[in-house]
Amino acid sequence: MSVVVYYSKLKRLWDEFNELEPPSVCKCIAGCPCNVTQDFLKKEQRKKLMQFLIELNEKYDAIKYKILTMEPGLQSFVDKKVVKK
Ligand SMILES: [Zn+2]
């Protein structure tokens, strides 16, 4: 399975999940000082990225670590979750 196929499968799953459980939106009446929506989307993106990286076949380690160097905070987390075969 190529990375592209794998990613599109995962993407479809996320979309279905979002339909089931819509993302939280801010309830501010005027303006928006809370950034709830923005914050939530940012977290969601990181969560999805992590999931993607964790499930990624070790064949794609090179790609994985390239992404991880761009997201320094994720490295140790993913390292812990990845099961070495
Ligand atoms: Zn708000």
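Owing to the predicted nature of the structure, the values given are computational and were not obtained by experimental measurement.

Novice: Which parts of the structure should I look at to understand the overall build of the protein chain?
Specialist: Per the secondary structure count, the protein chain includes four helices and zero strands. Relative to a compact globule of 85 residues, whose C-alpha radius of gyration would be 12 Å, the protein chain shows 16 Å and is clearly more extended. Its C-alpha atoms put the protein chain at 50 × 25 × 20 Å along the principal axes. Buried positions account for 5% of the 85 residues belonging to the protein chain.

Novice: I keep staring at the packing of helix α2 (residues 36-55) against helix α4 (residues 74-81) and nothing clicks. Help me out?
Specialist: Any two packed helices are characterised by the angle at which their axes cross and by the distance between the axes. The geometry of α2 relative to α4 is characterised by a closest axis approach of 9 Å and an angle of 45° between their N-to-C directions. Accordingly, the angle class assigned to the pair α2 and α4 is oblique. When the axes of α2 and α4 are compared, the crossing they make is right-handed. Note on element contacts: α4 touches α2 through L74, F77, V78 and K81, opposite L49, M50, L53 and I54. Residues belonging to the contact of α2 with α4 are distributed by class as follows: seven nonpolar, no polar and one charged.

Novice: Whenever I open this one, unusual backbone geometry confuses me. Can you help?
Specialist: With the exception of glycine, the majority of residues adopt a negative phi angle, and the majority of peptide bonds are in the trans configuration. Within the chain, N35 stands out as a residue other than glycine whose phi angle is a positive 60°. Relative to the assigned elements, N35 resides in the loop between α1 (3-20) and α2.

Novice: For this particular structure, what's the right way to read α1?
Specialist: Because each turn of an α-helix spans 3.6 residues, side chains separated by three or four positions end up pointing in the same direction. Here α1 spans 26 Å end to end across 18 residues, near enough to the 26 Å set by a 1.5 Å rise per residue. Of all 18 residues making up α1, only zero are buried, and the element is barely covered by its neighbours.

Novice: In this structure, what is going on with the confidence of the model for the protein chain? I would like to understand it.
Specialist: Low-confidence regions, as indicated by low pLDDT, have predicted coordinates that should not be scrutinised in detail. With 93% of its residues at a pLDDT of 70 or more, the protein chain shows a mean pLDDT of 78. Considering each helix and strand of the protein chain separately, the mean pLDDT is smallest for α4, with a value of 73, and largest for α2, with 82.

Rules behind the numbers
- Residue positions are given per chain, counting from 1 as you read along its sequence in written order.
- At least 70 in pLDDT is required for a residue's local features to be given in this predicted model, at least 80 for side-chain atom pairs to be given and counted, and no such filter applies to totals for whole chains, interfaces and linings, which use all residues.
- The numbering of helices and of strands both runs from the N terminus, where a helix is a DSSP run of H or I of at least 4 residues and a strand a run of E of at least 2.
- With C-alpha atoms as the basis for the radius of gyration, the globule rule is written as 2.2 Å multiplied by the number of residues raised to the power 0.38.
- Counting other C-beta atoms within 10 Å of each residue's C-beta, where C-beta atoms are placed from the backbone, gives the exposure class: buried for 20 or more, exposed for 12 or fewer, partly exposed between.
- Helix axes use the C-alpha atoms of the stretch in contact, all axes being lines fitted to C-alpha atoms, and the angles between their N-to-C directions lie in the range 0 to 180 degrees.
- Angle categories: roughly parallel below 35 degrees, roughly antiparallel above 145, roughly perpendicular from 65 to 115, and oblique for all the rest.
- The hand of a helix crossing depends on one turn: near helix anticlockwise from the far one by less than a right angle means left-handed, and clockwise means right-handed.
- Whether two residues are in contact is decided by their C-beta atoms, placed from the backbone, lying within 7 Å.
- Throughout, the ten residues Ala, Val, Leu, Ile, Met, Phe, Trp, Tyr, Cys and Pro are labelled nonpolar, Asp, Glu, Lys and Arg are labelled charged, and all others, Gly among them, are labelled polar.
- Expected span of a helix, by definition, is 1.5 Å for each gap between consecutive residues, and there is one gap fewer than residues.
- What pLDDT expresses is the predictor's confidence in each residue, scored from 0 to 100.

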